Amino acid sequence: MTSPIIHRVTAFGLAVRPIVWPFAEERRDEIAAHFAEKQRERPKIWNGRVLLGRDAVFTDDILAATYFETDFASFLAWRDWGFPDKAVFNGFGMGALRASDGAFVMGEMAQHTANAGRIYFPSGTPDLDDVMDGALDIAGSVVRELGEETGLTTADYWAEPEWHCVVTGPSIAMIQVLNLNMPGDEARARIEANLAHEDEPELSAIHLVRGMSDLRPTMPRFVTAFVEQQFASR
């Protein structure tokens, strides 16, 4: 496992372009067979459209990259087969929910999802709903994923301006600390109540991680353990 590299940025330049992905085109039949097998294991997974990145460059406090559209089946095969196209990366936003009492709020993925049993900050591979004026709106992606997974809205938290970009091999997690206007137990209860009203929630449980009052000084130690689980399966 490659040791994570952490960049702190305040802005992004993530252009979305119509790029043909050779991996997806040349291995289409293999990819289709692989996805069919995954659907037999978890019938609820859906072959929607997602965005992957390439040509990532960190300059000062800016991350620039180019994103392109592909199908989830191709992404899943690329991930499961050990990331054969090294020019491509999975770059996604994560909302690090920090409650007013210092607890971090994380969700456990439900059994019908592609990442069943994994415990994450609210996150997801970007899709076409996250494109604005020809660019990936990573902040908007975090807000969308957070709302879909937890039911929380921007009225429930305030976002810190700095992002922690964790680079580990073919993955870049763009993590923004979101400070909740409530303690951890209340946040967990709010989210659990929202999940109870959904037919098939993405999350099966909510976990509180305590003992880290400030993410920044603990980021290397905390993220190292986190990404070893996170990036092995995305």
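Residues numbered from 1 in each chain as written. Predicted model: local features only at pLDDT ≥ 70, side-chain atom pairs only at ≥ 80, totals over all residues. Heavy atoms only, no water.

Colleague: Would you explain the overall build of the chain in this entry?
Modeller: What the chain contains, in helices and strands, is 6 helices and 13 strands. A total of 234 residues make up the chain; the buried ones form 49% of that total. Residue pairs at least 24 apart in sequence account for 72% of intrachain contacts in the chain once pairs closer than 6 positions are excluded. Counting every atom, the chain has about 10600 Å² of accessible surface; 51% of that belongs to carbon and sulfur. (Helix = DSSP H or I, 4+ residues; strand = E, 2+ residues; numbered from the N terminus. Buried < 20%, exposed > 50% of the residue type's maximum accessible area, 1.4 Å probe, protein only. Contact = heavy atoms within 4.5 Å. Areas by Shrake-Rupley, 256 points an atom, 1.4 Å probe, with all protein chains shown as cover.)

Colleague: What's the story with the environment of Phe 72 in this structure? I'm lost.
Modeller: Relative to the elements of secondary structure, Phe 72 occurs in helix α3 (residues 72–80). We classify Phe 72 as buried; its relative accessible area is 16%. In this structure the C-alpha to C-alpha distance between Phe 72 and Phe 35, which are 37 residues apart in sequence, comes to 8.9 Å.

Colleague: Would you mind going over the pattern of salt bridges with me for this structure?
Modeller: Where charged atoms from two side chains of opposite charge approach closely, those side chains can pair. All chains considered together, the criterion is met by 17 salt bridges. Note that Asp 55 is salt-bridged to Arg 54, the shortest N-O span being 3.6 Å. Counted as one network, the salt bridges with shared partners bring together Asp 127, Asp 130, Arg 144, Glu 145 and Glu 148. (Salt bridge = Lys/Arg side-chain N within 4 Å of Asp/Glu carboxyl O.)

Colleague: I tried to follow the side chain of Arg 144 on my own but got confused; where do I start?
Modeller: You can see Arg 144 is positioned in helix α4 (residues 138–150). The exposure class of Arg 144 is buried, given its relative accessible area of 16%. If near-sequence neighbours (up to four positions away) are discounted, Arg 144 is found in contact with Thr 125, Asp 127, Asp 129 and Asp 130.

Colleague: Sorry, what's going on with the packing of aromatic side chains here?
Modeller: Centre distance and the angle of the planes are the two values used to describe a pair of aromatic rings. Under the counting rule described, the total for this entry stands at 11 aromatic pairs. With centroids separated by 6.1 Å and ring planes inclined at 75°, the aromatic side chains of Phe 23 and Trp 81 adopt a geometry described as edge-to-face. One end of the pair, Phe 23, is in helix α1 (residues 22–26); the other, Trp 81, is in the loop between α3 and β5 (88–98), and 58 residues separate them in sequence. Residue Trp 81 is classed as partly exposed on the basis of its relative accessible area, which comes to 29%. Arranged with centres 5.6 Å apart and planes meeting at 45°, the rings of Phe 72 and Phe 75 form a pair that is tilted. (Phe/Tyr/Trp six-rings, centres within 6.5 Å; stacked < 30°, edge-to-face > 60°.)

Colleague: Sorry, what's going on with the pairing of β5 here?
Modeller: Along a regular strand, successive side chains alternate from one face of the sheet to the other. Judged by how many residues are buried, β5 sits mostly within the fold: 11 of 11 residues are covered. In β5, alternate side chains face the same way, and those of Val 88, Asn 90, Phe 92, Met 94, Ala 96 and Arg 98 on one face and Phe 89, Gly 91, Gly 93, Gly 95 and Leu 97 on the other are all buried. When strand β3 (residues 49–59) meets β5, the two strands line up antiparallel, connected through 2 bridges. Its bridge partner being in β5, Arg 54 is matched across the sheet by Val 88. (Pairing = 2+ DSSP bridges.)

Colleague: Even after reading the chapter, I still don't get the environment of Leu 146, so can you show me in this structure?
Modeller: Mapped onto the secondary structure, Leu 146 falls in helix α4. A residue is classified by how much of its surface remains accessible, and Leu 146, at 0% relative accessible area, is buried.

Colleague: What's the story with the packing of helix α2 (residues 28–41) against α3 in this structure? I'm lost.
Modeller: At a minimum axis distance of 9 Å, the contact between α2 and α3 shows a crossing angle of 90°. Classified by the angle their axes make, α2 and α3 are roughly perpendicular. Side by side, α2 and α3 meet where Arg 28, Ile 31, His 34, Phe 35 and Lys 38 of the first sit next to Phe 72, Ala 73, Ser 74, Leu 76, Ala 77 and Asp 80 of the second. (Axes fitted to C-alpha atoms, helices over the stretch in contact; angles between N-to-C directions. Parallel < 35°, antiparallel > 145°, perpendicular 65-115°, else oblique.)

Colleague: What is the right way to read the nonpolar core from this model?
Modeller: As a rule of thumb, soluble globular proteins bury nonpolar side chains together. Grouped together as the largest cluster of nonpolar side chains are 44 residues, with contacts concentrated most on Leu 14, Tyr 67, Val 105, Met 174 and Leu 180. Apart from residues lying up to four places away in sequence, Leu 14 is in contact with Leu 63, Ala 64, Ala 65, Tyr 67, Ala 135, Leu 136, Ile 138 and Met 174. The next biggest cluster of nonpolar side chains, apart from the first, holds 17 residues, and it includes Trp 21, Phe 68, Phe 75 and Ala 77. (Core = buried A, V, L, I, M, F, W, Y, C linked by side-chain atoms within 4.5 Å.)

Colleague: How do you make sense of the confidence of the model for the chain when you look at a structure like this?
Modeller: Note that predicted coordinates carrying low pLDDT should not be read in detail. Confidence along the chain averages 86 in pLDDT terms, with 87% of residues attaining 70 or more. The low-confidence segment residues 215–225, where pLDDT is below 50, has 21 contacts with residues more than four positions distant or belonging to other chains. In this model residues 227–234 is a low-confidence stretch, pLDDT under 50, and it forms 31 contacts with partners more than four residues away in sequence or in other chains. (pLDDT = per-residue confidence, 0-100.)

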